[in-house]
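# Close look at the chain arrangement
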Amino acid sequence: MRTALVYHEEMTAARLLWDDPECEIERPERLTAAVERLQQGGLEQRCLQLAAREASEAELGLVHSPEYVSLLRGTQALSTEELQALSGQYDAVYFHPSTFHCARLAAGAALQLVDAVLTGTAHNGFALVRPPGHHSQRAAANGFCVFNNVAIAARYAQKQHGVRRCVGAAVGWGLRRTESGGVGCSETPCGALLCRGGLLAPRWEAQPLSGLCTPYPRILIVDWDVHHGQGIQYIFEDDPSVLYFSWHRYEHGRFWPYLRESDADAVGLGPGRGFTVNLPWNQVGMGNADYMAAFLHVLLPVAFEFDPELVLISAGFDSAIGDPEGQMQATPECFAHLTQLLQVLAGGRVCAVLEGGYHLESLSQSVCMVVKALLGDPAPPLLGPMVPRHSALESIQSVRAAQAPHWTSLWQQERRPSAVSPGEPKCKAAEAQTSAVLSSLLDQLHLYATPPVRTVIALTAPAAALVLPPDVLHQEGSAPREETQAWARLHEALTQDTAFTALGKVLHLLNGILDGQVSSGIATTPAAAPTLEVVLRQGLSHGAQRVFCVALGQLDRPPDLANDGRILWLNIRGKEAAALSTFHVSVPLSGTTGGFLSCILALVLPLAYGFQPDLVLVALGPAHGLQDPQAALLAALLRGPAGGRVLVLVEQECTCQLVGVLARVLHGEPPPSLGPFSMASPDDLQALAHLRGQLGAQWEMLQLLLECRELVA
Ligand SMILES: [Zn+2]
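Remember, it's a predicted structure, so these values are computed and weren't measured experimentally. (Residues numbered from 1 in each chain as written. Predicted model: local features only at pLDDT ≥ 70, side-chain atom pairs only at ≥ 80, totals over all residues. Heavy atoms only, no water.)

Attention now goes to the overall build of the protein chain. Of regular secondary structure, the protein chain possesses 20 helices and 19 strands. Put simply, the protein chain has 713 residues, and 63% of those count as buried. Restricting the contact set of the protein chain to residue pairs at least 6 apart, pairs at least 24 apart contribute 77%. (Helix = DSSP H or I, 4+ residues; strand = E, 2+ residues; numbered from the N terminus. Buried < 20%, exposed > 50% of the residue type's maximum accessible area, 1.4 Å probe, protein only. Contact = heavy atoms within 4.5 Å.)

Here we come to the nonpolar core. Counting 188 residues, the largest nonpolar core has F126, L128, W224, F295 and F548 as the members making the most contacts within it. The greatest single-element share of this core, amounting to 14 residues, is contributed by helix α8 (residues 288-306). Not counting residues within four places of it along the chain, the set of residues in contact with F126 comprises A4, L5, V6, L113, A315, F317, A352, L354, V367, V370, V371 and L374. Counting residues in each nonpolar core, the second largest holds 27 residues, with I513, C549, A551 and W569 among its members. (Core = buried A, V, L, I, M, F, W, Y, C linked by side-chain atoms within 4.5 Å.)

What the rule picks out here adds up to zero disulfides. The thiol of C368 is not disulfide-bonded; the next cysteine sulfur, from C47, is found 9.9 Å away. (Disulfide = S-S within 2.5 Å.)

Protein coordination at the zinc ion comes from D225 (OD), D225 (OD), H227 (ND1) and D318 (OD), with a distance range of 1.9 to 2.7 Å. The site at the zinc ion holds four donor atoms, and with the angles between them running 53 to 157 degrees, its shape is irregular. Given the relative accessible area of 0%, D225 is considered buried. Residue classification places H227 among the buried residues on the basis of a relative accessible area of 5%. (Donors = N, O, S within 2.8 Å, 3.2 Å for Na, K, Ca; no water. Tetrahedral: all angles 85-135°; square planar, octahedral: opposite > 155°, others 65-115°.)

Moving on, we get to the packing of aromatic side chains. Going through the model one piece at a time under the given rule, you end up with 20 aromatic pairs. With centroids separated by 5.9 Å and ring planes inclined at 50 degrees, the aromatic side chains of W247 and W281 adopt a geometry described as tilted. Here W247, found in strand β7 (residues 242-249), pairs with W281, found in strand β8 (residues 276-281); they are 34 residues apart in sequence, far enough to count as distant. This pair shows no difference in class: W247 is buried, exactly as W281 is. On the basis of an interplanar angle of 50 degrees and a centroid distance of 5.5 Å, the ring pair of W247 and F295 is categorised as tilted. Of this pair, W247 sits in strand β7 while F295 is found in helix α8, placing the two residues 48 residues apart along the sequence. (Phe/Tyr/Trp six-rings, centres within 6.5 Å; stacked < 30°, edge-to-face > 60°.)

Model confidence for the protein chain is summarised by a mean pLDDT of 88, while 86% of its residues fall at 70 or above. Across residues 164-215, where pLDDT falls below 50, the model places 116 contacts with residues more than four positions away in sequence or in other chains. Counted against residues more than four places away or in other chains, residues 707-713, with its pLDDT under 50, gives 10 contacts. (pLDDT = per-residue confidence, 0-100.)

With six of its six residues buried, strand β19 (residues 646-651) lies for the most part within the structure. Across the two faces of β19 the burial is the same, with V646, V648 and V650 and L647, L649 and E651 all buried. Relative to β19, strand β13 (residues 518-525) is paired through six bridges, and the arrangement is parallel. Counted as the bridge partner of T525 is E651 from β19. By the bridge criterion, five bridges tie strand β18 (residues 615-620) to β19 in an arrangement that is parallel. Across the sheet, the residue bridging to L617 is L647, located in β19. (Pairing = 2+ DSSP bridges.)

For helix α3 (residues 66-74), the complete set of buried residues consists of Y68, V69 and L72. Seen along its axis, α3 keeps its buried residues to an arc of 100 degrees; they face one direction. Along α3, exposed side chains directed more than 90 degrees from the buried face belong to P66 and E67. As for α3, its buried residues are in contact with α2 (57-60) and α5 (99-118). (Arc of directions from axis to C-beta.)

Before going further, it helps to examine helix α4 (residues 80-87). Three or more residues of α4 are buried, namely L83, L86 and S87. Considered in projection along α4, the buried side chains sweep an arc of 100 degrees and stay on one side of the axis. In α4, the exposed positions angled more than 90 degrees off the buried face are occupied by E81 and A85. Contact partners of the buried residues in α4: α3.

This paragraph deals with the sheet that holds strand β3 (residues 124-127). Consider a sheet: its strands pair through backbone hydrogen bonds, and that pairing is either parallel or antiparallel. The eight strands lie next to each other as β2-β1-β3-β10-β9-β6-β7-β8, forming an open sheet whose pairing is parallel. The open sheet is flanked by β2 (48-51) and β8, the only strands paired with a single partner. Here the strands of the sheet are splayed against their neighbours by 15 degrees on average, with no regard to which way each runs. Across three bridges, the pairing between β3 and strand β10 (residues 350-354) is parallel. Pairing of A127 across the sheet is with V353, part of β10. (Axes fitted to C-alpha atoms, helices over the stretch in contact; angles between N-to-C directions.)

Before going further, it helps to examine the side chain of D684. Residue placement: D684 occurs in helix α19 (residues 682-695). Buried charged residue D684 carries no salt bridge. Nearest counter-charge: R573, at 12 Å. Within the structure, the side chain of D684 is placed 3.4 Å from the side chain of T592, a separation counted as a polar contact. Residues in contact with D684, not counting those within four places in the same chain, are S590, T592 and G595. (Lys, Arg positive; Asp, Glu negative; His and termini not counted. Salt bridge = Lys/Arg side-chain N within 4 Å of Asp/Glu carboxyl O. Polar contact = N/O pair within 3.5 Å; in protein donor to acceptor, adjacent residues only side chain to side chain.)

Further remarks concern the sheet that holds strand β14 (residues 547-552). The strand order β12-β11-β13-β19-β18-β14-β15-β17-β16 describes an open sheet built from nine strands, whose pairing is mixed. Two strands lie at the open edges of the sheet, namely β12 (473-474) and β16 (578-581), each paired on one side alone. Contacting β13, β14, β15 (567-572), β18 and β19, helix α15 (residues 528-541) crosses the sheet at an angle of about 160 degrees to β19.

Once that is clear, we can look at the packing of helix α14 (residues 497-514) against α15. At a minimum axis distance of 11 Å, the contact between α14 and α15 shows a crossing angle of 30 degrees. For the element pair α14 / α15, the angle class is roughly parallel. Between α14 and α15 lies a crossing whose hand is right-handed. Residue-level contacts link L503, V506, L507, L510, N511 and L514 of α14 to T531, V534, V535, Q538 and G539 of α15. Of the residues belonging to the contact of α14 with α15, the class tally is seven nonpolar, four polar and no charged. (Parallel < 35°, antiparallel > 145°, perpendicular 65-115°, else oblique. Left-handed = near helix turned anticlockwise from the far one by under 90°. Nonpolar A, V, L, I, M, F, W, Y, C, P; charged D, E, K, R; others polar.)

Dropping the structure here:
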């Protein structure tokens, strides 16, 4: 993966020139600490390094009024007293003679990053900037923010790189440049206007296309800073082409910026209704489980349905552990997981732009984690208990309820968990446990070593047609013959020639993963069921503590495997939805995009993250029924829960193309698009509601509160 890193040291020039306790935390060291940490970790050198340019005044004018830009231009010549007086006219803002230059560099860096990603110079990237931008408004500075870097970048991407994506089955998908990028014509070449909310489409170049063309470039902005980016919300609140998601410390309106419109029921205006998604946190202390639950149960369902062509992250890290502003508990590696989850959208075109973050150690470690994820490195496993807080579940439920009229992916046939816990006793236990491990979390991070080899494929026969990234290794070796023979005795089928050879290769690959030499791999076998059983047994005897096994197709759980909680077995393509035990779950494979996504986001990932496995096995058995993009998405998302330790076992009848696409996603590339979104069937929703009811008490990451009032009462 090619990752751009945009920076300019002149952005450290602006600093506070008078006493102001509120503003003193926004200091130049925020950038220098992050850059130093990127250098020490060898990450800066792995990126395509770009020196930020200044945004032009015309580019600033995409979002800001000419009078405001002119006012800022004038600050360069003001005395300290005059700067202080002007600063006092805004909420939590300070100006410096170099503010105008720094702020133009910050906006320009975001534009350069968008250029690099949308022209294909880079796959994704990070713009390390200050001042931040998300509070800034059309004609007002606010909350340390001068120009709204991310909002300008979104408008610029639409204007400069008007892209559209054809999702017709006949042509796959590709990017086409628009003629003008402007708004004002409803003509689409294929005649299929999918415009939600009646926005007029840009004029397209005439292209012989079939299928469905969406008429404007859709941009998702994910604002994970701990403050509400009200500036971004105001700019796009009536615009359905930009979906703005923000979570923020809110405390029922008692936290800055104290706005009624930061609450969950602010969903956008006019044609933009449903395209503003606010998730207010009403307590401090939100941690990894809460953030992951918010992504799995709110952001990702909506994002997949929206189907963006570009993802911009308002990447503030005051939402990370240790930050004095946020007082949250999410650890730096959580941001690697959040990034990884976003990389399955928009063909992986993800641009992160720094916003807040005031604890230098937490900030710089979190920045490193995001850059590592962008580079395709596996995310370190999440530490600490994966139990969302009751207050987090209430917030998640309130935003789901507010957004359900606008997004079919949030519709569900809700059912109260059969043995639901009210949450508080568990949350209290979780809190105590969390604070006990907090102090050591930051120290532990560097102990997680990335294996030297990221992806290996172990095939029984050479596959000339296989196209792979150059550094994916073809494994030649096998486990020692005696070891293979010992395991092959378990099943007659494994003593056959090809199956025996395959078993030796699978064991060798598995041992490489468990020994920390290899992160992930794919192996083929003509006998998936008995090989999978051997892999499970060998995994546990070779030191794995917990194995998450997703079996697809005709693969039954081996009957004499101990049900001691060390294996969580999930069969997709089960005949019916059933939780045979806490650790044995079966779910049918949905025929719709929405149903498949709901299964992954609402069931598979919550189970996987809740289980906290140290190895993930994905087995594609006979008649698994998955299309290649579905298999790729599943594998890509399952890189998260076990720190990238994934072994995919493929029945040999599967195609070369499938092995190729799996190898690429395990290597960190984005999965191909699933195609047009179609909503989940009532049967799919019923199946998920049934399983959630059966399992929600044991697996808290599955939980959604249904009637919060009832539970609180
Ligand atoms: Zn912030």
